[in-house]
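Structural overview for review
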Number of protein chains: 2
Amino acid sequence: MSRSNPRVLSTLERAGGFASAQEVYKLMQREGEKIGLTTVYRSLQSLVDDKIVDLLRREDGEAIYRLCGEKHHHHLVCKSCGDTVEIEGGAIEKWAKSMADEHGFRDVGHTAEIFGICSKC
Amino acid sequence: MSRSNPRVLSTLERAGGFASAQEVYKLMQREGEKIGLTTVYRSLQSLVDDKIVDLLRREDGEAIYRLCGEKHHHHLVCKSCGDTVEIEGGAIEKWAKSMADEHGFRDVGHTAEIFGICSKC
DNA sequence: TTTGAAAATGATAATCATTTTCATTTGTGA
DNA sequence: TCACAAATGAAAATGATTATCATTTTCAAA
Ligand SMILES: [Mn+2]
Ligand SMILES: [Mn+2]
Ligand SMILES: [Zn+2]
Ligand SMILES: [Zn+2]
């Protein structure tokens, strides 16, 4: 188990929202930070292990990371133009919790996205 | 746009539940079917386009496919042993619809998965 | 039946994110 | 200073997915 390089976390913070490992790496390069891609991957992974960062997936399967701190939310995405609206998931949170309880699962997380065609398209 | 090779759909049916493109391909090879990996990918993709098949993602980001025909449901997956429970998503359905209405989206679909550690693990 | 355009196919190469290897550097306590 | 563990990163390996492109199949019109 390696400890996370603090500059990786700091960069992810500044990235605003989401960022993939590749993006974090490129960002650090542009800012003149000297770091290897391997270390970026390792650091993000251990941040996930430590539950400091959430791991999500882009539509194409690429892993993206976001600070846990930020308010948990979901997305409403337009399949045509890609426009995204951040939405609350109150109902989901309860649903996830009750389903997990009902089946004896612990350490529970969830994903939920809504997609459709927006009014402009 | 290519049409789906019917043997691919037939194989996915027999795969029982989920299968990745690679798995469908290997399955067909074992059964002596002569088909190219490319065609498997293309067929699955057009089945998804035609809404005959759902596209989901494994924990590691790999794309997996499942027949839509089956009653719409969601999954509660154990991150440790992979055990999966199919669950109802009544609350989700309403949530997705109301969120979409509220923001003027139409042709709406959604994904929702819950993951955690099961009681056996 | 012959013909030709369009669709389908699949071998191969290209992409690209992620992981593995492994040699080197850095930190740290005795 | 010394010995040893942890961290680092360059380079190669891996593996899924996609792009190319030449060949084959389909099929309707002539
Ligand atoms: Mn939520
Ligand atoms: Mn649902
Ligand atoms: Zn739109
Ligand atoms: Zn389990």
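Small disclaimer: the values here were computed from a predicted structure and weren't measured.

Definitions and limits used
- Residues numbered from 1 in each chain as written.
- Chains lettered and ligands numbered in written order.
- Predicted model: local features only at pLDDT ≥ 70, side-chain atom pairs only at ≥ 80, totals over all residues.
- Heavy atoms only, no water.
- Donors = N, O, S within 2.8 Å, 3.2 Å for Na, K, Ca; no water.
- Buried < 20%, exposed > 50% of the residue type's maximum accessible area, 1.4 Å probe, protein only.
- Least-squares fit on C-alpha atoms with pLDDT ≥ 70 in both.
- Contact = heavy atoms within 4.5 Å.
- Near = heavy atom within 4 Å.
- Polar contact = N/O pair within 3.5 Å; in protein donor to acceptor, adjacent residues only side chain to side chain.
- Helix = DSSP H or I, 4+ residues; strand = E, 2+ residues; numbered from the N terminus.
- Nonpolar A, V, L, I, M, F, W, Y, C, P; charged D, E, K, R; others polar.

1. Comments concerning the coordination of the manganese ion (ligand 1)
Around a metal, the ideal angle is 109.5 degrees if four donors adopt a tetrahedral arrangement and 90 or 180 degrees if six donors adopt an octahedral arrangement. Residues and elements named next belong to chain A. Bound to the manganese ion (ligand 1) are the protein donor atoms His 72 (NE2), His 74 (NE2), Glu 93 (OE), Glu 93 (OE) and His 110 (NE2), situated 1.9 to 2.7 Å from the metal. Sequence positions of the donors to the manganese ion (ligand 1) reduce to the motif H-x1-H-x18-E-x16-H. Judged by relative accessible area, which is 33%, His 72 ranks as partly exposed. A relative accessible area of 2% places His 74 in the buried class.

2. As for the relation of the copies chain B and chain A
Superposing chain B onto chain A requires a rotation of 179° together with a translation of 0.2 Å along the rotation axis, leaving an RMSD of 1.1 Å. The relationship between the two copies is best expressed as a two-fold rotation axis. Within chain B, Ala 112 of chain B has its C-alpha nearest the rotation axis, a separation of 2.1 Å. Of all interface residues in chain B, 97% are interface residues in chain A too; the two copies therefore contact each other through one and the same surface.

3. Here's the deal with the protein's contact with DNA strand C
If you check the shell around DNA strand C, you find 16 residues, and the closest are Tyr 41 and Ala 63 of chain A together with Arg 3, Thr 39 and Arg 42 of chain B. In the model, a phosphate oxygen of DNA strand C is placed 2.9 Å from a nitrogen or oxygen of the Ala 63 of chain A main chain. At a separation of 3.4 Å, a phosphate oxygen of DNA strand C approaches a polar backbone atom of Lys 34 of chain B. Going through the elements one at a time, helix H3 (37-49) of chain A together with helix H3 (37-49) of chain B are the ones with two or more residues in the surface near DNA strand C. Considering only residue class, the surface near DNA strand C consists of five nonpolar, seven polar and four charged.

So yeah, pure geometry; function would need other evidence.
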